[in-house]
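Okay, here's what each chain looks like letter by letter:
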Amino acid sequence: MYIKRILVIIALLGLVVCAGFSYYVYNAVFVSNTAFENDKATVFIGSNATFSEVVADLEPLLKDVETFKTVAHKKKYSSNIKPGKYQLKKGMNNNDLVNSLRVNNLPIKLSFNNQESLESLAGRVATQIEADSVSLVTAFNDATFLKDKGFDSKTALGMYIANSYELFWNTSAEEFRDRMYTEYNRFWNSERLAKAKQIGLNEDEVISLAAIVQKETVKIDERPRVAGVYMNRINRKMLLQADPTVVYAVKLATGVQLKRVLYEHLKLNSEYNTYIHVGVPPGPITMPDISAIDAVLNYEKHGYYYFVANTQKMGYHQFAKTLSQHNRNAEAYRRWVSKIH
């Protein structure tokens, strides 16, 4: 009888222990373990992050860090960290949390435009992906890559087509650069290549001219007409005489950003100065957007060779077919400027 009583007690204790263990497992695995009030929380995990660093980032978002660590160890996540951008949902249990951190790396929308150098582009991109600006600049300027892909230090900026792209946050500098080369080739489809050939320019020349067009007018609907002026000059082997190229040349030579182009600046000996060199510059003076590139490829056919700011329609220009007509327009513009100053 005594032995039977002991066996019963042992059995009851076993049940209690099992129940307690089961309760612990249930709470550790299946009970909500999120501490944030919003519906979702975003976590960024670096490519070289350790498990302890991941836990430190997650700690403010969790009710019980220890149970999360237990489940992460059991599911072998702690030894197989996945970098990227992850979204956690309110009410997730530890099992859900670990599963999400293992497989749900979310893509991001990365965008850029109006960058005037590879360095400024790197700075813009570095705010959106894991790669820092130094590694991006190094990848952008890699001499072997540029030579292999048909670019040089002057044309390299033209490889990056201003747009929005979907990719992963943990994209490396080299992966980003390579992806942009793929997008560049996708942009230059057979239709655009045929148009470039038809107007007598290659891809680099189209982008260099598009950069000038973009600097000349912010009005997208006017860009084909401005592009037509420059194409007329190119076809007649005239100097482009584009002030934005002078501004760029002066900044390149002196670091000074001109507010106004003076006669003395027009004489600067620079391959970017279209007042002394025929044709388009050896590379883009800025990153043109797609509307400017397509404006060149589909430039307006007309007889204009000159243009000046339109004082009656701000942001637009007055176009002229002859120098005498242009001089009258320019004089009217100068009188207007002198009045407002």
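Residues numbered from 1 in each chain as written. Predicted model: local features only at pLDDT ≥ 70, side-chain atom pairs only at ≥ 80, totals over all residues. Heavy atoms only, no water.

Draft legend 1. Spatial organisation of the nonpolar core. Ranked by internal contacts, the top residues of the largest apolar core, which has 62 residues, are F112, Y160 and F176. If you tally residues by element for this core, the top one is helix α10 (residues 203-216), at seven residues. With residues up to four places along the chain from it excluded, the contact list for F176 reads L110, F112, V125, I129, L136, F140, Y160, L167 and T171. Core analysis: the next-biggest nonpolar cluster, separate from the first, contains 23 residues, V29, L58, V65 and V98 among them. (Core = buried A, V, L, I, M, F, W, Y, C linked by side-chain atoms within 4.5 Å. Buried < 20%, exposed > 50% of the residue type's maximum accessible area, 1.4 Å probe, protein only. Helix = DSSP H or I, 4+ residues; strand = E, 2+ residues; numbered from the N terminus. Contact = heavy atoms within 4.5 Å.)

Draft legend 2. Summary view of unusual backbone geometry. You will see that K76, though not glycine, has its phi angle at about 65 degrees, which is positive. For K76, a relative accessible area of 58% translates into the label exposed. Within the chain, N114 stands out as a residue other than glycine whose phi angle is a positive 55 degrees. Relative to the helices and strands, N114 is located in the loop between β3 (107-112) and α5 (118-126).

Draft legend 3. View of the pattern of salt bridges. Within this structure, the stated rule accounts for 14 salt bridges. For K69, the salt bridge identified is with E66, shortest N-O distance 3.6 Å. In this pair, K69 and E66 are both assigned in helix α3 (residues 65-74), three residues apart and thus about one turn of the helix distant. Among the residues examined, K69 registers a relative accessible area of 25% and is labelled partly exposed. The shortest N-O distance in the salt bridge between E116 and K215 comes to 2.4 Å. Of this pair, E116 sits in the loop between β3 and α5 while K215 sits in helix α10, and the two are 99 residues apart along the sequence. The class of E116 is partly exposed, set by a relative accessible area of 31%. In this structure K215 comes out as partly exposed when scored by relative accessible area, which is 40%. If you follow the salt bridges from partner to partner, you end up with R179, E183 and R186 in one network. (Salt bridge = Lys/Arg side-chain N within 4 Å of Asp/Glu carboxyl O.)

Draft legend 4. Structural detail: the side chain of Q214. Summarising the element assignment, Q214 is placed in helix α10. Given the relative accessible area of 9%, Q214 is considered buried. Those residues in contact with Q214 that sit more than four places away from it in its chain are N114, R223, M287, P288, D289 and A292.

Draft legend 5. Just the environment of T155, in detail. The topology assignment puts T155 in the loop between α7 (143-149) and β4 (163-168). Judged by its relative accessible area of 8%, T155 is buried. C-alpha of T155 to C-alpha of S208: the two residues are 53 residues apart in sequence and 8.3 Å apart in space. Beyond its immediate chain neighbours, meaning those up to four positions away, T155 contacts D204, P282 and P284.

Draft legend 6. Here's a closer look at the side chain of H317. Tracing the backbone through its elements, the reader meets H317 in strand β6 (residues 317-320). The exposure class of H317 is buried, given its relative accessible area of 15%. A polar side-chain atom of H317 sits 3.5 Å from the main-chain carbonyl oxygen of E216. (Polar contact = N/O pair within 3.5 Å; in protein donor to acceptor, adjacent residues only side chain to side chain.)

Draft legend 7. Representation of the packing of aromatic side chains. For the structure on display, the rule yields 16 aromatic pairs. Judged by centre distance (5.9 Å) and plane angle (85 degrees), the rings of Y230 and F307 are edge-to-face. A residue pair is termed long-range when its members are at least 10 positions apart, and Y230 in helix α11 (residues 223-235) and F307 in strand β5 (residues 306-309) qualify at 77 residues. When sorted by exposure, Y230 lands in the same class as F307, which is buried. By the ring-pair criterion, three or more aromatic residues cluster together here, those being F112, F140, Y160, Y165 and F176. A cation over a ring is seen here: R177 above F145, with NZ or CZ 4.0 Å from the ring centre. Taking the ring centre of F319 as reference, the NZ or CZ of R225 above it sits at 5.6 Å. (Phe/Tyr/Trp six-rings, centres within 6.5 Å; stacked < 30°, edge-to-face > 60°. Lys NZ or Arg CZ within 6 Å of the ring centre and 35° of its normal.)

Draft legend 8. Expanded view of the pairing of β3. Residues I108, L110 and F112 point to one face of β3 and are all buried, whereas P107, K109 and S111, pointing to the other face, are not buried. Where β3 and β4 come together, six bridges link them in antiparallel fashion. Note that in β4 the partner of K109 across the bridge is E166. (Pairing = 2+ DSSP bridges.)

Draft legend 9. Just the environment of D148, in detail. Relative to the elements of secondary structure, D148 occurs in helix α7. By relative accessible area, D148 is classed as exposed at 57%. Separated by 22 residues in the primary sequence, D148 and A126 place their C-alpha atoms 25 Å from one another.

Draft legend 10. Molecular detail of α5. Restricting attention to buried positions, one finds in α5 the residues L118, L121, A122 and V125. In an axial view of α5, the angular spread of the buried residues amounts to 100 degrees, which keeps them on one side of the axis. Taken together, the buried residues of α5 touch β3, α6 (133-140) and α8 (173-187). (Arc of directions from axis to C-beta.)

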